[in-house]
Amino acid sequence: MSTAVKPIREALRLPAGSQVTVRGWVYRRRDLGDKAFVVVRDSTGIIQAVFTPESPGHALARKVTVESSVIVGGALREDPRAPGGKEIAGRNIEIVGLAENFPIRRDASREFLLEVRHLAVRSRKMTAVLKLRSTVFEALHEWFRSNGFYEVHCPMFISAAVEGGATLFPVKYVDGSTVYLTQSSQFYLEALIYSLEKVYTVAPSFRAEKSRTRRHLTEFWHAEAEVAWTGLEGILKVEEELVSHIVRRVLEKNREELELLGRNLEPLKNVEPPFPRISYDKAIEILQGKGLNVKWGDDLGADEERALTEEFDKPFFLYGFPVGVKAFYHKNDPSRPEVTLSADLLAPEGYGEIIGGGERIEKLEELLDKIKQFGLNPSDYEWYLDLRRYGTVPHAGFGLGMDRLVTWIAGLDHIVDSIPFPRTVTRTYP
Ligand code: 4AD
């Protein structure tokens, strides 16, 4: 091949007549005998090459199969019918890896696509989602780093539940004891605010969720933050600034991907602080008004959340949950002890909860009482209690489900499509 290899996006920008070489995988192929069309994709785009009997690559172009890896060279020419408005008058084609009959067909079922996910990640849809997901993670780090947060790393093997025993994954440890996969790095972040004050981490969390829903994974990516010397109000500000920054960045960097995914951009353009707030009390009233069977004290599930999202055209905070439905570490509201100083952030358009967070109990006695009240054993939380013994401070934090965030921003209808290799109740392969 004579010319240097160019990413397809760059090749398409060259003037007609330029000699180009691109490399990638065969996206589509059509053999009309005298003309062989080979559409090549790489990570940047797709381009069509047309081989006629006069071109040295004609015979190979006729026999190349879908998903073969190829290097294609020729002269660029205008063609309004071609994807990208230009095509390559194909000269040479080198087949690097001739693909066997590719198993994915247009009408493949969701279940089959998950079974061959190692191949399905090549689809244009998955490629678009993964690019968008990359921006989401990049923007998250960018925001935290430029707002005085330190990134920290916490263990995945833990010895006591953060979010209740029902969803713990036990693991047989090297010494024969049983440990668990972490559900949340929160307690470690709480320990780290005593040295760094503002910390965050992005790591997998594990939940043995029995529920098969569109928004539950058994292993999900969890961005968590914890801030010393602040309360509920302060942490909600962090959340709304962070989420708005991420959405802004995606709108800047991923227009093409959003378009390919058919995402309506209007609701995303609306994502700017401040986010509206609604109390749990008011939410119950609204839900009852809509005919849902809920009463004060109930936890709200996906259906209730979906109904509430109809009331808002941007993300909104749902605050003031009853003590019984939130984890033991949440501080009770001193002016109304039956509710917690906590809030969830719900994404609009039916998506629902993407963040859970709030103010933590800072007083030792109060924490001990709540642990007992929840039927838990204080001796399981010795080191966590220590944090209240040695220089306790008011503090607050939150956990953001990154896969749920991507699902919403990309406008996907199922969380499994937000992550390349989803882990669910029924899937640990590939
Ligand atoms: O509300 P959760 O359970 O809160 C905590 O784990 C806190 N300890 C976090 C903290 O304050 N540091 O989970 C936080 C978020 C949820 O809002 C949701 O977006 C996501 O994590 N999440 C899940 N995402 C996918 N699959 C699951 N099974 C999830 N469980 C929680």
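Residues numbered from 1 in each chain as written. Predicted model: local features only at pLDDT ≥ 70, side-chain atom pairs only at ≥ 80, totals over all residues. Heavy atoms only, no water.

Can you help me understand the sheet that holds strand S6 (residues 150-151) in this one?
Within a sheet, adjacent strands bond to each other through the backbone by hydrogen bonds, running parallel or antiparallel. Ordered by their spatial adjacency, eight strands build an open sheet running S6-S10-S11-S18-S17-S16-S13-S12, and the pairing between neighbours is mixed. The strands lining the two open edges of the sheet, one partner per strand, are S6 and strand S12 (277-279). Here S12 runs beside strand S13 (residues 316-319); their pairing, made up of three bridges, is parallel. Within S13, the residue paired with Arg-277 across the bridge is Phe-317. Across the sheet, helix H6 (residues 186-196) touches S6, strand S10 (198-206), strand S11 (219-228) and strand S18 (395-401), and the angle it forms with S11 is around 35°. Helix-sheet contacts for helix H14 (residues 402-410) involve S11, strand S16 (342-347), strand S17 (352-359) and S18, and the interaxial angle to S18 is about 55°. (Pairing = 2+ DSSP bridges. Helix = DSSP H or I, 4+ residues; strand = E, 2+ residues; numbered from the N terminus. Contact = heavy atoms within 4.5 Å. Axes fitted to C-alpha atoms, helices over the stretch in contact; angles between N-to-C directions.)

Got a minute to help me understand the side chain of Thr-309 in this structure?
As for its position among the elements, Thr-309 is in helix H11 (residues 302-309). Judged by relative accessible area, which is 4%, Thr-309 ranks as buried. A polar side-chain atom of Thr-309 sits 2.9 Å from the main-chain amide nitrogen of Gly-350. Apart from residues no more than four positions distant in its own chain, Thr-309 is found in contact with Phe-316, Ala-347, Pro-348, Glu-349, Gly-350, Tyr-351 and Gly-352. (Buried < 20%, exposed > 50% of the residue type's maximum accessible area, 1.4 Å probe, protein only. Polar contact = N/O pair within 3.5 Å; in protein donor to acceptor, adjacent residues only side chain to side chain.)

What is the right way to read the UniProt feature "domain: Aminoacyl-transfer RNA synthetases class-II family profile" (unreviewed entry) in the protein from this model?
UniProt's entry tags residues 130-430 with the feature "domain: Aminoacyl-transfer RNA synthetases class-II family profile" (unreviewed entry), counted in the numbering of this structure. Helix makes up 35% of residues 130-430 and strand 22%, whereas the separation of the span's terminal C-alpha atoms amounts to 17 Å. (UniProt positions renumbered as here; feature names shortened; annotations may be inferred.)

So what exactly am I meant to see when it comes to the pairing of strand S4 (residues 69-78) here?
Put simply, side chains in a regular strand alternate between the two faces of the sheet. Burial of S4 is extensive: seven of the 10 residues sit out of reach of the surface. Relative to S4, strand S1 (residues 19-31) is paired through seven bridges, and the arrangement is antiparallel. What sits directly across from Gly-24, in S4, is Val-70. Direction of pairing for S4 relative to strand S5 (residues 86-97): antiparallel, over a ladder of 10 bridges. Note on S5: the bridge partner recorded for Gly-73 is Asn-92.

Which parts of the structure should I look at to understand the domain arrangement of the protein?
Where interface size is given, it is often the accessible area lost as the parts come together that is meant. Taken domain by domain, the protein comprises domain 1 (8-97) and domain 2 (114-418). Of the residues lining the interface, eight residues belong to domain 1; the matching set on domain 2 comes to four residues. Considering only the surface of domain 1 that becomes buried against domain 2, Arg-9, Arg-41 and Ser-43 emerge as the three largest contributors, covering 51% of it. One salt bridge connects Arg-9 with Glu-256, and the closest N-O pair in it is separated by 3.2 Å. Class assignment of the residues belonging to the side of domain 1 that touches domain 2 gives a composition of three nonpolar, two polar and three charged. (Domains from an automatic or database assignment. Buried area = accessible area lost by both parts, 1.4 Å probe. Salt bridge = Lys/Arg side-chain N within 4 Å of Asp/Glu carboxyl O. Nonpolar A, V, L, I, M, F, W, Y, C, P; charged D, E, K, R; others polar.)

Which parts of the structure should I look at to understand the site of the ligand?
Taken together, 22 residues lie around the ligand, and Glu-163, Gln-186, Arg-207, Glu-224 and Glu-353 are the ones closest in. For the ligand, the accessible surface in isolation is 630 Å², of which the surrounding protein chains cover 94%. Looking at the shell around the ligand, the elements with two or more residues in it are S11, S17 and S18. A per-element tally of the shell around the ligand places S17 first, with four residues. Grouping the constituent residues of the shell around the ligand by class yields seven nonpolar, seven polar and eight charged. (Near = heavy atom within 4 Å. Areas by Shrake-Rupley, 256 points an atom, 1.4 Å probe, with all protein chains shown as cover.)

I tried to follow the packing of helix H7 (residues 232-253) against H14 on my own but got confused; where do I start?
In a packed pair of helices, the relevant descriptors are the angle between the two axes and the axis-to-axis distance. At their nearest, the axes of H7 and H14 sit 12 Å apart, and the two run at 50° to each other. What the angle tells us is that H7 and H14 run oblique. Crossing handedness for the pair H7 and H14: right-handed. Together, Val-243, Ile-246, Val-247 and Val-250 of H7 and Leu-405, Trp-408 and Ile-409 of H14 make up the contact between the two elements. Residues that form the contact of H7 with H14 fall into these classes: seven nonpolar, no polar and no charged. (Parallel < 35°, antiparallel > 145°, perpendicular 65-115°, else oblique. Left-handed = near helix turned anticlockwise from the far one by under 90°.)

Is there a simple way to think about the pattern of salt bridges in this case?
Between side chains of opposite charge, pairing is possible as soon as their charged atoms come close. Throughout the structure, instances matching the rule amount to 37 salt bridges. Its salt-bridge partner being Asp-417, residue Arg-117 comes within 3.8 Å of it at the nearest N-O pair. Placement of Arg-117 in helix H4 (residues 117-120) and of Asp-417 in the segment after H14 is noted, with a sequence separation of 300 residues between them. What makes Arg-117 buried here is its relative accessible area of 4%. One salt bridge connects Glu-233 with Arg-277, and the closest N-O pair in it is separated by 2.9 Å. Taken together, the residues span a long stretch of sequence, with Glu-233 in helix H7 and Arg-277 in strand S12 at a distance of 44 residues. Counted as one network, the salt bridges with shared partners bring together Arg-110, Arg-117, Lys-125, Asp-413 and Asp-417.

What should I look at first to understand the confidence of the model for the protein in this one?
As a general rule, the predicted coordinates of low-pLDDT regions are not to be interpreted in detail. On average, the protein scores 97 in pLDDT, and the residues at 70 or more come to 100%. Predicted confidence in the protein is weakest over helix H3 (residues 110-115), with a mean pLDDT of 96, and strongest over S18, with 99. (pLDDT = per-residue confidence, 0-100.)

Just to check I follow, could you spell out the sheet that holds strand S3 (residues 45-51) for this structure?
Read once around its circumference, the closed barrel built from five strands follows the order S1-S2-S3-S5-S4, with strand pairing classed as mixed. Between one strand axis and the next, the sheet turns through 50° on average, direction left out of account.

Would you take a moment to explain the packing of aromatic side chains for this structure?
Each aromatic ring pair is characterised by the separation of its centres together with the angle its planes make. Applying the stated criterion across every chain yields a total of 19 aromatic pairs. When the centroid spacing of 5.6 Å and the interplanar angle of 75° are considered together, the rings of Trp-143 and Phe-144 count as edge-to-face. Summarising the burial analysis for this pair, Trp-143 and Phe-144 share the class buried. Here Phe-144 and Tyr-200 contribute two aromatic rings whose centre-to-centre distance is 4.3 Å and whose plane-to-plane angle is 15°, an arrangement assigned as stacked. Linking Phe-144 in helix H5 (residues 124-145) with Tyr-200 in strand S10, this pair joins segments that are 56 residues apart in sequence. Overall, the relative accessible area of 0% leaves Tyr-200 in the buried class. (Phe/Tyr/Trp six-rings, centres within 6.5 Å; stacked < 30°, edge-to-face > 60°.)

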